[in-house]
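Commentary on secondary and tertiary structure
The primary structure of each chain is shown beneath.
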Amino acid sequence: MSYRQRAFQFLRYALLSLSVSLLLYLIVQAGVDEILLRLSEVHIGWLLLTFACMWGNLCSAALRYQCLLATRVSFLRVLEVIMASFLLNYGSMVQGLGLGAKVGILKARQIPVSQSSAGIWLEVCLDVLICSSIVTVFLFVAVERDSNSGNIFIIPLLFVLAASVTIAIIYRLPGRFELIGNFLIALREVASLDRLSRALIFTVGNWLTAAAGLYCMLNTLQTNAGAELGLSLLAMTSGFLTGLISMVPGGIGVRELTWSYVVSQGAYPFELAGLAAILYRILTIFLVSLTLAVTTLRESRES
């Protein structure tokens, strides 16, 4: 086994250990007896609303990527691609492999790599823009004027650093100028004002449905416990940013801990919020897996 392969394996196991440790921490905080009690008393109505919000979240993500691809690929096909890359990202335990899988799947369907990569890049930019804006607004509202507000700029600075490292890596690639040139051409074709406006609307819808799903999940476990939709929105957007910076695939563990902490800043108990965050992740994976299995089975029967 080469040095790179050993380093790759070490990174996978390190990220897996981190994810498991954070999830175990949340489970211990909730307590096994409390978990069993809450699961036996779930509110079915709120649970169905949670699934509806999750489905809406998947649909808005598919509509956005279809818009950014600027091709005639059908909505159902794009939805399948997004779900497959979602599951691969978790299964690989390597950050970014899900995105690479998305590019590979689309390439097999005659979509140029430069075009699909440009769409993915714009997706990330829109998510960072919306999430950073929401987090910043909440911080400005919550933090007193005389306090140290310099922490607001930590996240943008980290992304500048990450962009610098990415550019440095690309600079060492063979054929880098052709790669960058093709990417910029595809980006120019994709990034029209009309297309970006529609993608921005889908992005806002994506995060609103995600926040609504977490809010419904909190109420599924216990109604009238102080769950707040605003804090759910802040939890989702800040969790995305912390998960992205952590380099843990899907932000597993990191995002759940962030969601729990932010939600518990209201009246909702931290222990119960941790359980809700874990269940939200599990139900999302279940919904994606079930939907992908149904669509795959339907295609196999038609062929």
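What comes next is a walk through the structure. Residue indices follow the written sequence of each chain, beginning from 1 at its first position. Note on the predicted model: pLDDT of at least 70 is required for a residue's local features to be given, and 80 or more for side-chain atom pairs to be given and counted; whole-chain, interface and lining totals, by contrast, use all residues. Just so you know, side-chain values use all the structure's heavy atoms and leave hydrogens and water out.

Comments concerning the overall build of the chain
- Runs of H or I in DSSP of at least four residues are treated as helices and runs of E of at least two as strands, each being numbered from the N terminus. Looking only at helices and strands, one finds 12 helices and 0 strands in the chain.
- In sequence order, the secondary structure elements of the chain are arranged as α-α-α-α-α-α-α-α-α-α-α-α.
- Residues classed as buried in the chain amount to 41% of the 303 residues present.
- In what follows, a contact means two residues having at least one pair of non-hydrogen atoms within 4.5 Å. Restricting the contact set of the chain to residue pairs at least 6 apart, pairs at least 24 apart contribute 75%.
- Computed with the Shrake-Rupley method and a 1.4 Å probe, the accessible areas treat only the protein chains shown as cover for residues. A total accessible area of about 16400 Å² is found for the chain, and carbon and sulfur atoms account for 69% of it. Buried, partly exposed and exposed residues are distinguished by accessible area as a fraction of the type maximum, computed with a 1.4 Å probe on protein chains only: under 20%, between the cut-offs, and over 50%, respectively.

With respect to a nonpolar patch on the surface
- A surface patch of nonpolar side chains, amounting to about 320 Å² of accessible area, comprises L129, L200, V204 and L208.
- Ranked by the residues each element gives to the nonpolar patch, the list is headed by helix α9 (residues 193-221), at 3 residues.
- For V204, the location among the structural elements is in helix α9.
- V204 gets classed as partly exposed once you look at its relative accessible area, which sits at 34%. Patch membership needs two things, relative accessible area over 30% and no salt bridge, and members are linked within 9 Å if like-charged or within 5 Å if nonpolar (Val, Leu, Ile, Met, Phe, Trp, Tyr). Any Lys or Arg side-chain nitrogen found within 4 Å of a carboxyl oxygen on Asp or Glu counts as a salt bridge.

A closer look at helix α3 (residues 44-69)
- Taking 1.5 Å of rise per residue, the 26 residues of α3 would be expected to cover 38 Å, and the 38 Å separating its terminal C-alpha atoms lies within 8% of that figure.
- One or two residues past the end of α3 sits A70, with phi positive at roughly 55°. Helices are assigned an expected span. That span is 1.5 Å times one less than the residue count.

Some thoughts on the packing of aromatic side chains
- Each pair of aromatic rings taken from Phe, Tyr and Trp, with Trp reduced to its six-membered ring, is defined by centres within 6.5 Å and is described as stacked if the planes are under 30 degrees apart, edge-to-face if over 60, and tilted in the remaining cases. All chains considered together, the criterion is met by 3 aromatic pairs.
- Where W207 meets F240, the ring centres are 5.2 Å apart and the plane angle is 65°; that geometry is what we call edge-to-face. With W207 in helix α9 and F240 in helix α10 (residues 229-246), this pair connects stretches of sequence that are 33 residues apart.
- You can call F240 buried: its relative accessible area is 10%.

Thoughts on α10
- Between the first and last C-alpha of α10 there are 25 Å, a value that for 18 residues agrees with the 26 Å anticipated at 1.5 Å per step.
- Regarding α10, the residues found buried are L231, S232, L233, L234, A235, M236, T237, S238, G239, F240, L241 and G243.
- Following α10 by one or two positions, M247 adopts a phi angle in the positive range, close to 70°.

Notes on the pattern of salt bridges
- For the coordinates displayed, the defined rule picks out 5 salt bridges.
- Between D194 and R198 there is a salt bridge, with its nearest N and O atoms 3.3 Å apart. Of this pair, D194 and R198 both sit in helix α9, 4 residues apart, roughly one helical turn.
- Judged by relative accessible area, D194 falls into the exposed class, the value being 51%.
- Taking the relative accessible area as the measure of exposure, R198 reaches 36% and is therefore partly exposed.
- Among the salt bridges present, the one from E256 reaches R281, with a minimum N-O distance of 2.4 Å. Of the two residues, E256 sits in helix α11 (residues 254-263) while R281 sits in helix α12 (residues 270-302), which places them 25 residues apart along the sequence. By the burial criterion, E256 is buried, and R281 matches it.
- Overlapping salt bridges, with partners in common, bring together R64, E123 and D127 in one network.

So, to be careful, I would describe these as geometric facts and stop short of saying anything about function.
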